[in-house]
Amino acid sequence: MIRSTLRSGGPVRTVLANCSARLLAILGLTLATVLVARIGGPAEVGEYALLRMLPGLVGVLCVLGLPGALAFFLAEPRRGLPRLWPTLMAIGGAGAILGTALWVAASPVIAKVFFPDEPPWLIAAAGATVASQLVLTLGKTALQGLEDRRGGDLVIAAEELAFLPCFLVPLAAGIHGIAAVVVGLGLADLVVAVDAWRRVSRRLGWRRLGLAGGAFGWWGRPDRQLGRRVASYGLRGQVGGLITLLNLRLDVAILGAMAGPAVLGGYAVASKYAELLRLPGTALTWVFYPRLAKIDQAEAARVARRMVGPALIGIAAAAIPVALLASPVLRILYGASFGPAVTPARVLVAGMVLAGASGVASAYLYGRGTPGLNSLVLGVGLAITVVLDISLIPRFGALGAAVASTAAYLSTDALLIGLLLRLSRPPAQGRASVAIGEVTP
């Protein structure tokens, strides 16, 4: 049954649906960015980009990689482990409290480095979005693990689409500037998070899950040993997730600290435009990670190898029109002041050509229970990002950041593809066995 499902058109439709949801999210983000740009200019766009990234990063760090572990532990048969949900809830709740406290404590430094024109108390207030983003992220990844494709896609799209109407609420109330952005982000997170967890509870069944607790309820006494297993898998995977986020956003943080919000605003627009090409790879990882986690490794290897070629060719072909359209799209949407973002956008597009195939590789590594290998490869890209950012940004600004990120993307994607092809070789061809600190939970 599983084999026939994987070989049918179902997964293709599922990947296309997930890509469509992510495109809607990009559309929502684009509309919100355009509004922020028209009201506050490039500087406010830069602050908006930082507030979307930094609180979420703090939250994910404080939950021991729980978002990455959810899909693995919610796949059958692990989904039925006693006291699983109380354990997951305990990790998530403790991480939300810790992350918020750390943000508030560090807010004077955060304000001085990234938001020099904003009052520290306002940046401290933005700490509320640490918890709100975390609750939303956990709900979204829980839907992934439960294989609620439609629900997960709706949450992915709503995550960005919800910001625009929520941003209009403080504006209508007379709140402007970065304060309106903070309020809009928090409201959007809460609205979408409530819907995500409603879908999770409906997927599992209120009666079986039981709000009163019990072995399979939401609440109860966490299982310490199970918590260690979740944290072990999550931390190994989270290293890779964190590195991926840093590879995608470290240039934004460094550029913002070195060049200021105005330059950062243009680069943030260029980065988001180029990342359109990463959507199919992200969708492939999202869809196939839980599927590959519940089938035997030999079949998972065959499925992954069949997917690499089409993913590689498709993204490489799509990169050409995306690069050519960068100038008219960015100038029409954001205005002439964002013209300098065109060249960095085209450089970043070149760095995305392997993203589809590397998304398949990440799904395979996570699905076979070896997220540490994925993290190890991504660490190479992070080192490249740091070295080149520090070397190139002071001299070339946004263009230097784009070159650094492109080098990191191509390096890590190529290594991931090579690792997939090596590990997935049939035994008759002398399949290599690689185990670098990997212990299947």
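Residues numbered from 1 in each chain as written. Predicted model: local features only at pLDDT ≥ 70, side-chain atom pairs only at ≥ 80, totals over all residues. Heavy atoms only, no water.

### Quick look at the overall build of the protein
(1) Moving on: Scanning the protein for helices and strands turns up 19 helices and 0 strands.
(2) Moving on: Expressed as a percentage of the 441 residues in the protein, the buried residues total 57%.
(3) Moving on: The contacts in the protein between residues at least 6 apart in sequence include a share of 81% that link residues at least 24 apart.
(4) Moving on: Looking at the protein as shown, the accessible area adds up to about 17,700 Å², and 69% of this sits on carbon and sulfur atoms. (Helix = DSSP H or I, 4+ residues; strand = E, 2+ residues; numbered from the N terminus. Buried < 20%, exposed > 50% of the residue type's maximum accessible area, 1.4 Å probe, protein only. Contact = heavy atoms within 4.5 Å. Areas by Shrake-Rupley, 256 points an atom, 1.4 Å probe, with all protein chains shown as cover.)

### A look at helix H4 (residues 84–114)
(1) Moving on: Its 31 residues give H4 an end-to-end C-alpha distance of only 39 Å, which falls more than 12% under 45 Å, the value for a rise of 1.5 Å per residue.
(2) Moving on: In H4, a bend of some 60° at Ser107 exceeds every other bend along the element, and Pro108, a proline, comes one to four places later. (Expected span 1.5 Å × (residues − 1). Bend = angle between axes of the 7 residues up to and from the residue.)

### Quick notes on the packing of helix H13 (residues 279–293) against helix H17 (residues 355–367)
(1) Moving on: Where H13 contacts H17, the two axes come as close as 8 Å, and the packing angle between them is 25°. Put simply, H13 runs roughly parallel to H17. Along this stretch, H13 crosses H17, giving a crossing that reads as right-handed. Between H13 and H17, the contacting residues are Gly281, Leu284, Thr285, Phe288, Tyr289, Leu292 and Ala293 on the first element and Ala355, Gly356, Gly359, Val360, Ser362, Ala363, Tyr364, Tyr366 and Gly367 on the second.
(2) Moving on: Of the residues in the contact of H13 with H17, the class split is 10 nonpolar, 6 polar and no charged. (Axes fitted to C-alpha atoms, helices over the stretch in contact; angles between N-to-C directions. Parallel < 35°, antiparallel > 145°, perpendicular 65-115°, else oblique. Left-handed = near helix turned anticlockwise from the far one by under 90°. Nonpolar A, V, L, I, M, F, W, Y, C, P; charged D, E, K, R; others polar.)

### Regarding the packing of helix H14 (residues 297–324) against H17
(1) Moving on: Packing of H14 against H17 brings their axes to within 7 Å, and their N-to-C directions diverge by 160°. Between H14 and H17, the angle is such that the two are roughly antiparallel. For the pair H14 and H17, the crossing hand works out as right-handed. In contact with Ala300, Ala301, Ala304, Met307, Val308, Ala311, Leu312 and Ile315 of H14, H17 contributes Gly356, Ala357, Val360 and Tyr364.
(2) Moving on: Its residues assigned to classes, the contact of H14 with H17 comprises 11 nonpolar, 1 polar and no charged.

### Remarks on the pattern of salt bridges
(1) Moving on: Within the structure shown, the criterion is met by 8 salt bridges.
(2) Moving on: Taking the shortest distance from any N to any O, the salt bridge between Asp223 and Arg83 comes out at 3.7 Å. Remark: Arg83 occurs in the loop between helix H3 (66–73) and H4 and Asp223 occurs in the loop between helix H10 (206–209) and helix H11 (224–259); sequence separation between them is 140 residues.
(3) Moving on: Since its relative accessible area comes to 23%, Arg83 is described here as partly exposed. (Salt bridge = Lys/Arg side-chain N within 4 Å of Asp/Glu carboxyl O.)

### Overview of the confidence of the model for the protein
(1) Moving on: With 83% of its residues at a pLDDT of 70 or more, the protein shows a mean pLDDT of 80.
(2) Moving on: Confidence drops under pLDDT 50 across residues 207–216; counting only partners more than four residues distant or on other chains, this segment forms 19 contacts.
(3) Moving on: Residue range residues 429–441 is modelled with pLDDT below 50. Its contacts to residues more than four positions away, or to other chains, number 33 contacts. (pLDDT = per-residue confidence, 0-100.)

### Comments concerning the packing of aromatic side chains
(1) Moving on: Counted by the stated rule, this structure contains 3 aromatic pairs.
(2) Moving on: A ring pair is formed by Tyr48 and Phe163, whose centres lie 5.0 Å apart and whose planes are at 20°; its orientation type is stacked. With Tyr48 in helix H2 (residues 10–61) and Phe163 in helix H8 (residues 163–172), this residue pair connects regions lying 115 residues apart in the sequence.
(3) Moving on: Residue classification places Tyr48 among the buried positions, given a relative accessible area of 2%.
(4) Moving on: With relative accessibility at 2%, the residue Phe163 sits in the buried group.
(5) Moving on: Between the aromatic rings of Trp85 and Trp197, the centroid separation amounts to 6.3 Å while the plane-to-plane angle is 75°, which identifies the pairing as edge-to-face. Here Trp85, found in helix H4, pairs with Trp197, found in helix H9 (residues 177–204); they are 112 residues apart in sequence, far enough to count as distant. Like Trp197, Trp85 is buried.
(6) Moving on: Pairwise contacts between aromatic rings join Tyr48, Phe163 and Phe167 into one cluster. (Phe/Tyr/Trp six-rings, centres within 6.5 Å; stacked < 30°, edge-to-face > 60°.)

### A few points about unusual backbone geometry
(1) Moving on: Positive phi is not limited to glycine here, since Glu147 has a value of about 55°.
(2) Moving on: Overall, Glu147 belongs to the buried group, its relative accessible area being 18%.

### Topic: the environment of Leu134
(1) Moving on: Within the secondary structure layout, Leu134 lies in helix H6 (residues 128–145).
(2) Moving on: You can call Leu134 buried: its relative accessible area is 3%.
(3) Moving on: For the pair Leu134 and Pro55, spaced 79 residues apart in sequence, the C-alpha separation works out to 8.8 Å.
(4) Moving on: With sequence-adjacent residues up to four places away left out, Leu134 is seen in contact with Gly59, Val60, Val63, Gly92, Gly95 and Ala96.

### Some remarks on the nonpolar core
(1) Moving on: Within the largest apolar cluster, 123 residues are counted, with the highest numbers of intra-cluster contacts made by Phe288 and Tyr364.
(2) Moving on: Here this core gets 14 residues from one element, more than from any other, and that element is H2. (Core = buried A, V, L, I, M, F, W, Y, C linked by side-chain atoms within 4.5 Å.)

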